[in-house]
Amino acid sequence: MDFSLSEEQLMIQQAAKDFAQTELLPGVIERDDAQTFPNELVKKMGELGFMGMMVDEKYGGSGLGTLSYVLAMEELSKIDASASVMVSVNNSLVCWGLETYGTEEQKQKYLTRLAAGEIIGAFCLSEPEAGSDATSQKTTAIDKGDHYLVNGTKNWITNGGRAEVFLVIAQTDTAKGHKGINALIVEKDMAGFEIGPKENKLGIRGSDTHSLLFNDVKVPKENRIGEDGFGFKFAMKTLAGGRIGIAAQALGIAAGAYEIALKYSKERKAFGTEIANHQAIAFKLADMHTKIQAARNLVYQAACDKDAGNDYTLSGAMAKLYASEVAMETTVEAVQVLGGNGFVKDYHVERLMRDAKITQIYEGTSEIQKIVISRSVLNA
Ligand code: CAA
């Protein structure tokens, strides 16, 4: 596969790199400490076109392909994975889902503002007892003729406290199992909708993660995405693309930690020479470099599959599985290369190590990716 990048793709990569260096790097440690991310930075990402990268320009997006999107995700994630998860959820799960399966009215009403970054969205599938086992939805959306009455709780929702639009997966007809699930667009101001407590997290602490409570929320029928009963398929199809975004995030976290370790190893001296001259360190760098390049190839492959209109469920799952493992391994090794300094916040790698862990968990754990991959391999 030829992954040579076009001039446009190189420009997008550079724009994301510049934004990450000039806007995200200052304050990234403080944001992690305080668990905050300023709305002005989200707004700037919107102005630069990062919030609706793959959305058609007629709906306010940047009209770019998935490969451009993963290039930007990698660069943003090298510096600030809290920022990049907001970008990923808004792009892959919310905008893509609405553009692909929404009605023209839904696109005009919601997508145009989401893609321009005027507002951000959240994707609400997980529940206290439905994480990996996503068909076990307890949130209900009872059909009341012209509207659905939604009740239940959603957990670990990225952008939960600041989103204006929520794509909510809920069970309408229990007897039909996953074929009785619907996807509904819920607005922040709908009566009965409540933002629950904010999570105090190990990593991606600048991103906003909340539980959400639904208490007799009346959602108009025109806010259903797709046909009655399409909600679970909607979630699965949307997550298949979302996993490419998270794979790119994991790749960026790994590459960010590697770049710091490489630079440090050429400056820090021990036993009379730069530590890079010790084979113990040089071999770590060789392993990191090799694994990151392998992960990058898988991420680009999945993005190119999506852009080419090929099935990307398998390649996206492989990219996420492998890139998230590489992110974890690389960040742990980067902390080791930096030694005592690696354990100190000022050097960034301990944060990247904490951020890496979530990439093995959200949008389908590594174990779920192995289910997806093995089913695909066995059914081939
Ligand atoms: N595309 C289209 N349809 C799909 C699909 C896909 N990729 N994967 C499954 N389906 C369909 C199946 O074909 C089946 O439909 P039919 O019966 O009509 O054939 C239906 O969905 C149910 O599928 P399964 O029988 O395979 O269901 P399962 O119970 O065995 O579970 C699973 C499948 C892959 C394990 C799924 O439950 C899963 O992906 N779980 C993980 C959920 C997840 O990723 N959660 C992340 C939360 S979102 C998040 O993290 C966002 C964030 O904020 C960062």
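Residue positions are counted from 1 within each chain, in the order its sequence is given. Side-chain atom pairs in this predicted model are given and counted only at pLDDT of 80 or more, local residue features only at pLDDT of at least 70, and totals for whole chains, interfaces and linings cover all residues. Working from all heavy atoms in the structure, the side-chain values ignore hydrogens and water.

Participant: It is not clear to me how the pairing of strand S4 (residues 165-171) should be interpreted in this structure. Could you clarify?
Facilitator: Within a regular beta strand, the side chains point alternately toward one face of the sheet and then the other, so they alternate between its two faces. With 7 of its 7 residues buried, S4 lies for the most part within the structure. Two strands pair when backbone bridges link them, and strand S1 (residues 121-124) and S4 are joined in this way by 4 bridges, in the parallel orientation. Residue pairing for S4: Ala122 is matched across the bridge by Phe166. By definition, two strands form a pair when at least two bridges between them are found by DSSP. Helix and strand definitions follow DSSP, with helices as H or I runs of at least four residues and strands as E runs of at least two, each counted in order from the N terminus. Across 7 bridges, the pairing between S4 and strand S5 (residues 181-187) is antiparallel. In the sheet register, Leu167 faces S5, and the bridge partner there is Ile185. For every residue, the accessible area obtained with a 1.4 Å probe (protein chains only) is divided by the maximum for its type, and the residue is called buried under 20%, exposed over 50%, and partly exposed between those limits.

Participant: Can you help me understand the packing of aromatic side chains in this one?
Facilitator: Ring pairs are drawn from Phe, Tyr and Trp, using the six-membered ring of Trp, whenever the two centres fall within 6.5 Å, and their geometry is named by plane angle: stacked under 30 degrees, edge-to-face over 60, tilted for the rest. Under the criterion given, the structure shown has 9 aromatic pairs. A centroid spacing of 5.4 Å and a plane angle of 50 degrees characterise the contact between Phe193 and Phe214, whose relative ring orientation is tilted. Here Phe214 lies in strand S7 (residues 209-220) and Phe193 lies in strand S6 (residues 193-198), a separation of 21 residues in the sequence. A relative accessible area of 11% places Phe193 in the buried class. Given a relative accessible area of 4%, Phe214 falls into the buried group. Feature note: the residues Trp96, Tyr101, Phe230 and Phe234 constitute an aromatic cluster, connected by ring pairs.

Participant: Honestly, the packing of helix H4 (residues 66-79) against helix H5 (residues 81-101) in this entry has me stumped. Any pointers?
Facilitator: When two helices pack together, their arrangement is given by the angle between their axes and by how far apart the axes lie. Contact pair H4 / H5: the axes reach a minimum separation of 7 Å and the direction vectors enclose 155 degrees. Compared by their axis directions, H4 and H5 come out roughly antiparallel. Here Tyr69, Met73, Leu76, Ser77 and Ile79 of H4 come into contact with H5, specifically with Ala81, Ser84, Val87, Ser88, Asn91 and Ser92. Classes in brief: Ala, Val, Leu, Ile, Met, Phe, Trp, Tyr, Cys and Pro nonpolar; Asp, Glu, Lys and Arg charged; the others, Gly included, polar. Of the residues belonging to the contact of H4 with H5, the class tally is 6 nonpolar, 5 polar and no charged. Helix axes use the C-alpha atoms of the stretch in contact, all axes being lines fitted to C-alpha atoms, and the angles between their N-to-C directions lie in the range 0 to 180 degrees. Throughout, the term roughly parallel applies to angles under 35 degrees, roughly antiparallel to angles over 145, roughly perpendicular to angles from 65 to 115, and oblique to all others. Throughout, a contact is declared for two residues whenever any of their heavy atoms are within 4.5 Å.

Participant: Please explain a nonpolar patch on the surface as it appears in this structure.
Facilitator: For patch detection, residues must exceed 30% relative accessible area and be free of salt bridges, and they are connected within 9 Å for like charges or within 5 Å for nonpolar side chains (Val, Leu, Ile, Met, Phe, Trp, Tyr). In these tables, accessible area is a Shrake-Rupley quantity obtained with a 1.4 Å probe, and a residue counts as shielded only by the protein chains included in the view. By convention in these notes, a salt bridge is any Lys or Arg side-chain nitrogen within 4 Å of a carboxyl oxygen on Asp or Glu. A cluster of nonpolar side chains, namely Phe343, Val344 and Tyr347, defines an oily patch on the protein surface of about 320 Å² accessible area. On the secondary structure map, Val344 appears in the loop between helix H9 (313-338) and helix H10 (349-358). In this structure Val344 comes out as partly exposed when scored by relative accessible area, which is 34%.

Participant: Quick question: what am I supposed to make of the site of the ligand here?
Facilitator: One heavy atom within 4 Å of a molecule or strand is enough for the residue carrying it to be called near that molecule or strand. Around the ligand sit 23 residues, and of these Ser132, Thr158, Arg243, Glu363 and Arg375 come closest. Identification of polar contacts relies on pairs of N or O atoms within 3.5 Å, with a donor-acceptor requirement for protein atoms, meaning one able to donate a hydrogen and the other able to accept it, and with residues adjacent in sequence counted only if both atoms are side-chain atoms. Take Glu363: an N or O atom from its main chain is 2.9 Å from an oxygen atom of the ligand. For the ligand, the accessible surface in isolation is 1100 Å², of which the surrounding protein chains cover 75%. In this analysis the probe radius is 1.4 Å and the grid spacing 1 Å, with only protein atoms considered; a cavity is a set of points the probe fits into but cannot get out of, a pocket is an open set with protein on both sides within 12 Å along at least five of seven lines, and lining residues have an atom within 4 Å of a point. The way we define it, a molecule is inside a pocket or cavity when more than half of its atoms are within 2 Å of that pocket's grid points. With respect to the detected pockets, the ligand is housed in the largest pocket. Of all the elements in the fold, those that place two or more residues in the shell around the ligand are H5, helix H7 (231-267) and helix H11 (366-379). Broken down by element, the shell around the ligand gets its largest block of residues, 6 residues, from H7. Its residues assigned to classes, the shell around the ligand shows 9 nonpolar, 8 polar and 6 charged.

Participant: So what exactly am I meant to see when it comes to the pairing of S7 here?
Facilitator: Pairing geometry for strand S3 (residues 147-158) and S7, over 9 bridges, is antiparallel. Bridging from a neighbouring strand, Leu149 pairs with Lys218 of S7. Pairing between S6 and S7: 4 bridges, direction antiparallel. Its bridge partner lying in S7, Lys198 is registered against His210.

Participant: So what exactly am I meant to see when it comes to the pattern of salt bridges here?
Facilitator: Pairs may arise between side chains of opposite charge once their charged atoms sit close together. Taken as a whole, this structure holds 21 salt bridges when the rule is applied. Between Glu329 and Lys291 there is a salt bridge; the shortest N-O distance is 2.6 Å. Residue Glu329 is located in helix H9, and its partner Lys291 is located in helix H8 (residues 279-307); the two are separated by 38 residues in the primary sequence. Put simply, Asp32, Asp33, Lys345, Glu350 and Arg354 are held in one network by salt bridges that share partners.

Participant: I tried to follow the layout of surface pockets on my own but got confused; where do I start?
Facilitator: Take a probe with the size of a water molecule and roll it over the atoms, and the empty space left behind shows itself. Grid points are joined across faces, edges and corners, and a volume is the space filled by probe spheres set on the points. By volume, the largest pocket amounts to about 1200 Å³. Leu239, Arg243, Glu363, Gly364 and Thr365 are, among the 42 residues lining the largest pocket, the residues nearest its centre. Elements that contribute at least two residues to the lining of the largest pocket include exactly H5, S3, H7, H9, H10 and H11. For the lining of the largest pocket, the leading source of residues is H7, giving 7 residues. Of the residues assigned to the lining of the largest pocket, the class counts are 22 nonpolar, 12 polar and 8 charged. Taken as a whole, the second largest pocket encloses approximately 410 Å³ of empty space. Around the second largest pocket, the lining comprises 17 residues; the ones closest to its centre are Gln21, Ile79, Gly256, Glu259 and Ile260. Split into classes, the residues belonging to the lining of the second largest pocket amount to 7 nonpolar, 3 polar and 7 charged.

Participant: I tried to follow the nonpolar core on my own but got confused; where do I start?
Facilitator: Note that soluble globular proteins tend to have their nonpolar side chains buried in a common cluster. In this structure, Leu24, Val70, Leu98 and Leu167 are the most contacted members of the largest nonpolar core, which totals 97 residues. Per-element accounting of this core gives the leading share, 18 residues, to H7. The residues contacting Leu167, other than those within four sequence positions of it, are Leu93, Val94, Leu98, Ala122, Phe123, Cys124, Leu184, Ile185, Ile225 and Phe234. Buried Ala, Val, Leu, Ile, Met, Phe, Trp, Tyr and Cys residues form a nonpolar core when they are joined through side-chain atoms within 4.5 Å.

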